[in-house]
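For reference, the chains in residue letters:
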Amino acid sequence: MLLHFTKMHGLGNDFMVVDLVTQRARLEEAQIRRLADRRFGIGFDQLLIVEPPRDPDMDFRYRIFNADGSEVENCGNGARCFARFVRDQRLTHKHEIHVETAGGPLTLRVEDDGQVRVDMGVPRFAPEALPFDAAEDRLRHALEVAGERLEIGVVSLGNPHAVLRVEDVDTAPVARLGPAIEAHPRFPRRVNAGFMQIVSPHEIRLRVYERGSGETLACGTGACAAVACGIRQGLLESPVTVHLPGGDLRIEWAGGEAHLTMTGPAVRVFDGRIVLS
Ligand SMILES: N[C@H](CCC[C@H](N)C(=O)O)C(=O)O
C-alpha cells in the first residue's frame, strides 16, 4: 500500500510524520526499523503518528516510535513538529492543540513567530515514575556504570531521563557512557542519558544519548529533564537556554507542581510517499 509521509526536524532531531487520521496503515516494529535506516530506508530518529483522539476532550492522539521500533511515551522536539504538521495538513485550524500521548496530555501552542511552545506537564522525580530502581527519591543517585561511580539526577517527562553533570560536553564520554546508562539494569524500561554542562544559572550546554535512537542532535524532553534536575538541585534558575548540538531551546519551570514549558522551532523538510510491502 502507498503511504504518504512528511520528513520534519526539531533542531536536527529528525522525524518521519504520518497522518493516520486520513490514511489507514499498520506499521510493524520490523517495518519501522527498516524505515528508520538511513541507507535502506527513509532515515529518522523517531516516527511520529497522528491519530484521532481516544479522549473526546483531546484533538489528536500522538504516538512516538524510536528508530529501534520501540514505542515510547513522549518526544518534545516531535511535539513541536506534530503541531506544525497538523496545522499545515489542515487537520486543525487551532493555535492551541491538545494531544494525548502514552506519557500523558500535552498542550501545543503555535506562536505568531512560528516557534512552538509546548506545555510538557509536571516533571516527576520519584524513581517509580521512570521507572528507576532506588529506595527513595533523592536529588542525586549514585549509579555504578562501566566501573565508574556516577552521580545522576533522574526525572520523568512521561519518558525516563538520567542527567549527568559534566565539565565540558565537547569532551564528555557520551559514546562510552551513553549506551551503558541507557541499558543499565536499574532502568527496567531503559533510559535517555543527558550530559549537562552548566554555563550559568540561565544557560546550559547539553548532549543526549537517546533511548532507542543513540546520540541525536537535539532532544526536547532531554532538555526539559536537564533543566528540571538543575533547577531542583539549585544550580539553575528559570528561564534556561539549552544549547544542543542542533540548536537552542528555551525551557521555563517555576518548580514543584508547576508545569514546565519548552519553546523552539519545527521545520518541514519534504513530503514523500512510500510503498509498504
Ligand atoms: N528517545 C526518547 C523518545 C524521543 C525523545 C526526543 N527525541 C525528544 O525530543 O524528546 C525515549 O525513548 O524516551
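Quantities reported herein were computed from a predicted structural model and do not represent experimental measurements. (Residues numbered from 1 in each chain as written. Predicted model: local features only at pLDDT ≥ 70, side-chain atom pairs only at ≥ 80, totals over all residues. Heavy atoms only, no water.)

Enquirer: Please explain the side chain of Ser 70 as it appears in this structure.
Expert: Tracing the backbone shows Ser 70 in the loop between β4 (60-66) and β5 (71-72). Side chain to side chain, Ser 70 and Asp 68 meet in a polar contact 2.6 Å long. Those residues in contact with Ser 70, other than ones at most four positions away along the chain, are Ile 64, Phe 65 and Arg 190. (Helix = DSSP H or I, 4+ residues; strand = E, 2+ residues; numbered from the N terminus. Polar contact = N/O pair within 3.5 Å; in protein donor to acceptor, adjacent residues only side chain to side chain. Contact = heavy atoms within 4.5 Å.)

Enquirer: For this particular structure, what's the right way to read unusual backbone geometry?
Expert: Keep in mind that most residues, glycine aside, have a negative phi and that most peptide bonds are trans. With an omega dihedral of 0°, the bond running from Leu 130 to Pro 131 counts as a cis peptide bond. Take Pro 131: it is sitting in the loop between β8 (116-119) and β9 (141-145). In this structure, Pro 239 follows Ser 238 across a cis peptide bond, with omega equal to 0°. Among the secondary structure elements, Pro 239 is positioned in the loop between α4 (220-232) and β15 (240-244). In the Ramachandran plot, Arg 90 falls in the positive-phi region, its phi being about 55° despite a non-glycine side chain. Residue placement: Arg 90 occurs in the loop between α2 (76-88) and β6 (96-101). Phi angles above zero are rare outside glycine, and Arg 190 is one such case at about 60°. Structurally, the position occupied by Arg 190 is in the loop between α3 (174-182) and β12 (192-200). When its relative accessible area of 28% is taken as the criterion, Arg 190 is described as partly exposed. (Buried < 20%, exposed > 50% of the residue type's maximum accessible area, 1.4 Å probe, protein only.)

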